[in-house]
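In case you want the letters, here they are:
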Amino acid sequence: MALLAGFSTTCLAQNIDAPNVVPITAQLTSSGQPTAKALEGLAAQGYEAVIYLAPPNVSDAVREEHLIIGRQNLVFVNIPIVFNKPTVKDYETFAAILQGLGNKKVLVHCQVNMRASTMVFLYRVVVGKEDPRLAYEAVSKVWVPNGPWKQLMLDVLQKHQISFEPY
């Protein structure tokens, strides 16, 4: 049964027209920026909330995303994380919002899935108490965080006394 659940999650997540779609669980997917048409179909795929982690004025943002999501009666939250300056507060805001969504099916996205994959990793490890090595596999499908993103990971992990060196 669990194998079938994982299989269907992967199939559903891959139906999102977006770069770097990474299914995490049946309730959580991270990705880059979905197309407007993909956003319009999220409710039909069972999504109940969208967390967008980039400023809404970046060049490839879907300008009407909040309206597209709202018309489907989904929760929409934008945390405008400046790419070169992610902060521990950004993570804490993200974690509080994601935790507040409970068991809702959530898409967490940014432009390319760099912000999203990193924040989801941190959430999985800090809040979900998952093994960082296993949780990091989802990040490494997209990129290897460096500069301020690697530092953010180290800062959050250290704050929560989790020993892991992102590679």
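What this report covers is the structure whose coordinates are included nearby. Along each chain, numbering runs from 1 in the same order as the chain's sequence is written. Where totals are concerned, whole chains, interfaces and linings use all residues; where local detail is concerned, this predicted model gives features only for residues with pLDDT of at least 70, and gives and counts side-chain atom pairs only at 80 or more. The side-chain figures draw on all heavy atoms in the structure; neither hydrogens nor water molecules are used.

1. Regarding unusual backbone geometry
How we decide: Runs of E in the DSSP output that reach at least two residues are strands. Runs of H or I that reach at least four are helices, and both are numbered from the N terminus. Each residue is placed in one exposure class: buried if its accessible area under a 1.4 Å probe, protein chains only, is under 20% of its type's maximum, exposed if it is over 50%, and partly exposed if it falls in between.
One non-glycine residue with positive phi stands out, namely Asn20, at about 55 degrees. Along the chain, Asn20 turns up in the loop between helix H1 (2–14) and strand S1 (22–25). A residue is classified by how much of its surface remains accessible, and Asn20, at 32% relative accessible area, is partly exposed. We note that Lys129 has phi near 60 degrees; this positive angle belongs to a residue other than glycine.

2. Points about the sheet that holds strand S4 (residues 75–78)
Stated precisely, the cut-off is as follows: Being paired, for any two strands, means DSSP has found at least two bridges between them. Here an angle of 0 to 180 degrees is reported between the N-to-C directions of two axes, which are lines fitted to C-alpha atoms, with helices fitted over the stretch in contact. Between two residues, a contact is recorded if the distance between any of their heavy atoms is within 4.5 Å.
Taken together, the five strands give an open sheet; going across it, the order is S1-S2-S5-S3-S4, and neighbouring strands pair in mixed fashion. Bordering the open sheet on either side are S1 and S4, each of which pairs with just one other strand. Taken pair by pair, the neighbouring strands of this sheet meet at an average axis angle of 15 degrees, ignoring direction. Taken strand by strand, helix H5 (residues 114–126) contacts S1, strand S2 (28–31) and strand S5 (106–109), and its axis lies near 150 degrees from that of S2.

3. What about the side chain of Gln33?
Operational definition: Two N or O atoms count as a polar contact when they lie within 3.5 Å, although within protein this holds only if one can serve as hydrogen donor and the other as acceptor, and sequence-adjacent residues are included solely when both atoms are side-chain atoms.
Relative to the elements of secondary structure, Gln33 occurs in the loop between S2 and helix H2 (36–40). For Gln33, the side chain forms a polar contact with the side chain of Glu65, separated by 3.4 Å.

4. Quick look at the environment of Ile97
As for its position among the elements, Ile97 is in helix H4 (residues 88–100). For Ile97 and Ile51, which are 46 residues apart along the polypeptide, the C-alpha to C-alpha distance reads 8.6 Å. Each residue touching Ile97, except ones within four places of it in the same chain, is listed here: Ile51, Val77 and Ile79.

5. Quick notes on the pattern of salt bridges
Put simply, the rule reads: Between Lys or Arg on one side and Asp or Glu on the other, a salt bridge is scored when a side-chain nitrogen of the former is within 4 Å of a carboxyl oxygen of the latter.
The full count for this structure, using the stated rule, is four salt bridges. For Glu130, the salt bridge goes to Arg124, with nearest N and O atoms at 2.8 Å. What makes Arg124 buried here is its relative accessible area of 12%.

6. Focus: the pairing of S4
The cut-off we apply is this: By convention, a crossover is right-handed whenever its connection, traced from the first strand over the helix to the second and viewed with the strands pointing away, goes clockwise.
Here four bridges tie strand S3 (residues 49–52) to S4, and the two strands are oriented parallel to one another. Bridge assignment links Ile51 to a residue of S4, and that residue is Val77. Crossover handedness for the path S3 to helix H3 (residues 65–71) to S4: right-handed.

7. Thoughts on the packing of aromatic side chains
To be explicit about the condition: Pairing of aromatic rings covers Phe, Tyr and the six-membered ring of Trp, with a centre-to-centre limit of 6.5 Å; geometry is then stacked below 30 degrees between planes, edge-to-face above 60, and tilted otherwise. When the NZ atom of lysine or the CZ atom of arginine is within 6 Å of a ring's centre and also within 35 degrees of its normal, the charge is said to sit over that ring.
For the structure on display, the rule yields eight aromatic pairs. Summarising the aromatic geometry, the rings of Tyr136 and Tyr167 are spaced 4.6 Å apart at their centres and angled 70 degrees between planes, so their arrangement reads as edge-to-face. Taken together, the positions of Tyr136 in helix H6 (residues 132–140) and Tyr167 in the segment after helix H7 (147–159) put the pair 31 residues apart, joining distant regions of the chain. Through a chain of ring-to-ring contacts, the aromatic side chains of Phe121, Tyr136, Phe164 and Tyr167 assemble into a single cluster. A cation over an aromatic ring shows up here: Lys105 above the ring of Tyr47, its NZ or CZ 4.5 Å from the ring centre.

8. A look at the side chain of Asn113
Locating Asn113 in the fold gives a position in the loop between S5 and H5. The buried category is assigned to Asn113, whose relative accessible area is 0%. At 2.8 Å, the side chain of Asn113 and the backbone oxygen of Asn20 are in polar contact. For Asn113, the side chain forms a polar contact with the side chain of Ser30, separated by 3.0 Å. Other than its neighbours up to four places away in sequence, Asn113 contacts Asn20, Val22, Ser30, Ser31, Gly32, Val142 and Trp143.

Read these as spatial facts, not as claims about activity.
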